[in-house]
Amino acid sequence: MSDINSRGYVNADALVSTDWVAKHGNDDGVRVVESNEDPLLYPSGHIPGAVEIDWAADLNDPLRRDYLDRDGFASLMSSKGISNDTTVVLYGDRSNWWACYALWIFQLFGHTNAKIMDGGRMKWEAEGRELTREAPDVTIANYSAPARDDSQVRAFRDDVLSHIGSSGKMIDVRSPEEYSGERLHMPDYPNEGALRGGHIPGAANVPWASAANEDGTFKDAAALRDIYESNAGLGSEDDVIVYCRIGERSSHTWFVLTNLLGYGNVRNYDGSWTEWGNSVGVPIEK
Amino acid sequence: MLEELDSLDRVERAQYLLELSDDFQEVPTSIATRPFPENRRVPKCESEAFVWAQEQDDGSLKFHYAVENPLGISARAMGVILDETLSGQPIDQVANVAPDIVHRIFGRQLSMGKGEGLAAMVEFTTFEARQRLTRRN
């Protein structure tokens, strides 16, 4: 894959290469963080010095359906050796889908100095780079978190209803089968299921993985514009809401639109289909 | 095994399952060789797991697994667990194992995608037992 700076991204600094991480991952002021879907991947071997942030156990409130609060985020950051001025580099499995989810949550607390390692774990492994099972030596850091600000990059159900009312642009990043309503959930997994199938009226279907190459890296800006602008009708000035099932896959698309294409107004609806498809009285299209 | 898993915290559980994954032994060449037949592939499993059931003299089944995705660590752990706990057991018991056992093994915070794939391994395994039960009845 071509050099990140040659791909035409609006904010190429949001990405770092595997080479960069190999050289600078253990520099002072840099903390590499792995975030995966598979809970066994990190303990099976991780980039030397990398800490783990688990999408469910670390970032979600254990009781309410919500993210951790200011104290929880500050405590998490401290425990991972991250201070307010630390450059956080996130990587993970599934073409960085979970890493983007973590990065998006970091934005709720204003930690904008966060980047994604392009290609994620798959690329690091494919290049035969070192992985270790050794626990990193972490010094507890001081971290002062602001109150969580959900107003800029997060959308709630009522925001979506209002957005529909004003014919706002939406991207449903789920699979075509989920988008059409053909598929709801596996019978044994109603926790992430929905009573109704289909999609939010007006949403275009652009599966999240459209933005990724086979090696897990992000497609270049021209290819991304084809996907999101020529094909899905978005423009960089649009007010956009993205969603999926619980807001994790759509974090990947949020990252692409916001950082790689420079859209200034993209929100992730993390309630997503598990909320919308179970809500009484909301409109649904098939 | 389930009781032991219940007593572990998240980190201990991951370590325990990782050690199981390290013990994974792929299907012997006497049973199957690459390319593995598609009818042995576990549907919905992104770890590209395959399952075989070998009939034993006592009527029980010996289960074998292959996991083609190198990142399929949980799938390899699942293969070890299914082999260790279900191989050689009465097939009516194997047939009744519920796929949602994966949440007790891997924890409630397993993502839907990962849970589906692992549950499909259980489902494929228990289907082999149900098939034999149907034939014998």
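Residues numbered from 1 in each chain as written. Chains lettered and ligands numbered in written order. Predicted model: local features only at pLDDT ≥ 70, side-chain atom pairs only at ≥ 80, totals over all residues.

Structural notes on the overall build of chain A
- Assigned secondary structure in chain A consists of 10 helices and 10 strands.
- In terms of C-alpha radius of gyration, chain A reaches 18 Å, essentially the compact-globule figure of 19 Å for 286 residues.
- Its C-alpha atoms put chain A at 50 × 45 × 35 Å along the principal axes.
- A total of 286 residues make up chain A; the buried ones form 47% of that total. (Helix = DSSP H or I, 4+ residues; strand = E, 2+ residues; numbered from the N terminus. Rg over C-alpha atoms; globule rule 2.2 N^0.38 Å. Buried ≥ 20, exposed ≤ 12 C-beta atoms within 10 Å, placed from the backbone.)

A short note on the overall build of chain B
- What chain B contains, in helices and strands, is six helices and two strands.
- For chain B, the N- to C-terminal ordering of α and β elements is α-α-β-β-α-α-α-α.
- Relative to the compact-globule value of 14 Å for 137 residues, chain B shows a C-alpha radius of gyration of 14 Å, a close match.
- For chain B, the spread of C-alpha atoms along the three principal axes comes to 40 × 30 × 25 Å.
- Looking at chain B alone, contacts between residues at least 24 apart form 61% of all its contacts between residues at least 6 apart. (Contact = placed C-beta atoms within 7 Å.)

Observations regarding the environment of alanine 120 of chain B
All names here are of chain B.
- Along the polypeptide, alanine 120 turns up in helix α6 (residues 112–136).
- On the basis of neighbour count, alanine 120 is assigned to the buried category, with 24 C-beta atoms found within 10 Å.
- With residues near it in sequence (within four places) discarded, alanine 120 still touches Val42, Pro43, Lys44 and Cys45.

Focus on the domain arrangement of chain A
All names here are of chain A.
- Annotation of chain A at the domain level lists domain 1 (4–126) and domain 2 (154–276).
- Placing a centre on the C-alpha atoms of domain 1 and another on those of domain 2 gives a separation of 21 Å.
- Facing 24 residues of domain 1, the contacting portion of domain 2 comprises 22 residues.
- Looking at the side of domain 1 that touches domain 2, the elements that each hand over two or more residues are α4 (97–108) and α5 (120–126). (Domains from an automatic or database assignment.)

A few points about the confidence of the model for chain A
- Summing up the model confidence of chain A, the mean pLDDT is 95 and the portion of residues at 70 or higher is 97%.
- Low pLDDT (under 50) marks residues 186–190 of chain A, which in the prediction has nine contacts with non-local residues, meaning those over four places away or in another chain. (pLDDT = per-residue confidence, 0-100.)

Focus on the interface of chain A and chain B
- At the junction of the two partners, chain A supplies 14 residues and chain B supplies 21 residues.
- Class assignment for the residues of the side of chain A that touches chain B results in eight nonpolar, one polar and five charged. (Nonpolar A, V, L, I, M, F, W, Y, C, P; charged D, E, K, R; others polar.)

A word on the sheet that holds strand β7 (residues 169–172) of chain A
All names here are of chain A.
- One open sheet accounts for five strands, arranged β6-β10-β9-β7-β8; its pairing is parallel. One side of each edge strand has no neighbouring strand; the edge strands of this open sheet are β6 (154–155) and β8 (204–205).
- Direction of pairing for β6 relative to strand β10 (residues 266–269): parallel, over a ladder of two bridges. Counterpart to alanine 155 in the pairing with β10 is tyrosine 269.
- Lying on the sheet, helix α9 (residues 249–260) is in contact with β7, β9 (240–243) and β10; it crosses β10 at an angle near 180°. (Pairing = 2+ DSSP bridges. Axes fitted to C-alpha atoms, helices over the stretch in contact; angles between N-to-C directions.)

Here's the deal with the sheet that holds strand β1 (residues 15–16) of chain A
Residue and element names in this part refer to chain A.
- Taken in spatial order, the five strands make up an open sheet running β1-β5-β4-β2-β3, and their pairing is parallel. Each edge of the open sheet is held by one strand with a lone partner, namely β1 and β3 (51–52).
- Relative to strand β5 (residues 114–117), strand β4 (residues 87–91) runs parallel, the two sharing three bridges. If you follow valine 88 over to β5, its bridge partner there is alanine 114.

Some words on the pairing of β4 of chain A
Residue and element names in this part refer to chain A.
- With four of five residues buried, β4 is to be regarded as a mostly interior element.
- Pairing analysis gives five bridges linking strand β2 (residues 30–34) to β4, with the strands arranged parallel. Considered in β4, the bridge of valine 30 is made with threonine 87.

Some remarks on the nonpolar core
Residue and element names in this part refer to chain A.
- The biggest cluster of nonpolar side chains holds 73 residues, and the ones touching the most others in it are Val33, Val89, Leu90, Ala102, Leu103, Ile116 and Val242.
- In terms of residues, this core owes the most to one element, α4, which gives 11 residues.
- The residue makeup of this core includes at least three contributed by each of domain 1 (4–126) and domain 2 (154–276). (Core = buried A, V, L, I, M, F, W, Y, C linked by C-beta atoms within 7 Å.)

What about the confidence of the model for chain B?
All names here are of chain B.
- Per-residue confidence for chain B gives a mean pLDDT of 93, with 100% of residues at or over 70.
- Mean pLDDT values for the elements of chain B range from 88 in helix α1 (residues 2–6) up to 98 in strand β2 (residues 61–67).
- Listed scores for the predicted complex are pTM 0.90 and ipTM 0.78.

Focus on α4 of chain A
All names here are of chain A.
- In a regular helix each residue adds 1.5 Å, so 12 residues correspond to 16 Å; α4 covers 17 Å between its end C-alpha atoms and thus fits that length.
- The buried fraction of α4 is high, at 11 of 12 residues.
- For α4, the complete set of buried residues consists of Trp97, Trp98, Ala99, Cys100, Tyr101, Ala102, Leu103, Trp104, Ile105, Phe106 and Leu108.
- Just downstream of α4, glycine 110 is the residue with a positive phi angle, here 75°. (Expected span 1.5 Å × (residues − 1).)

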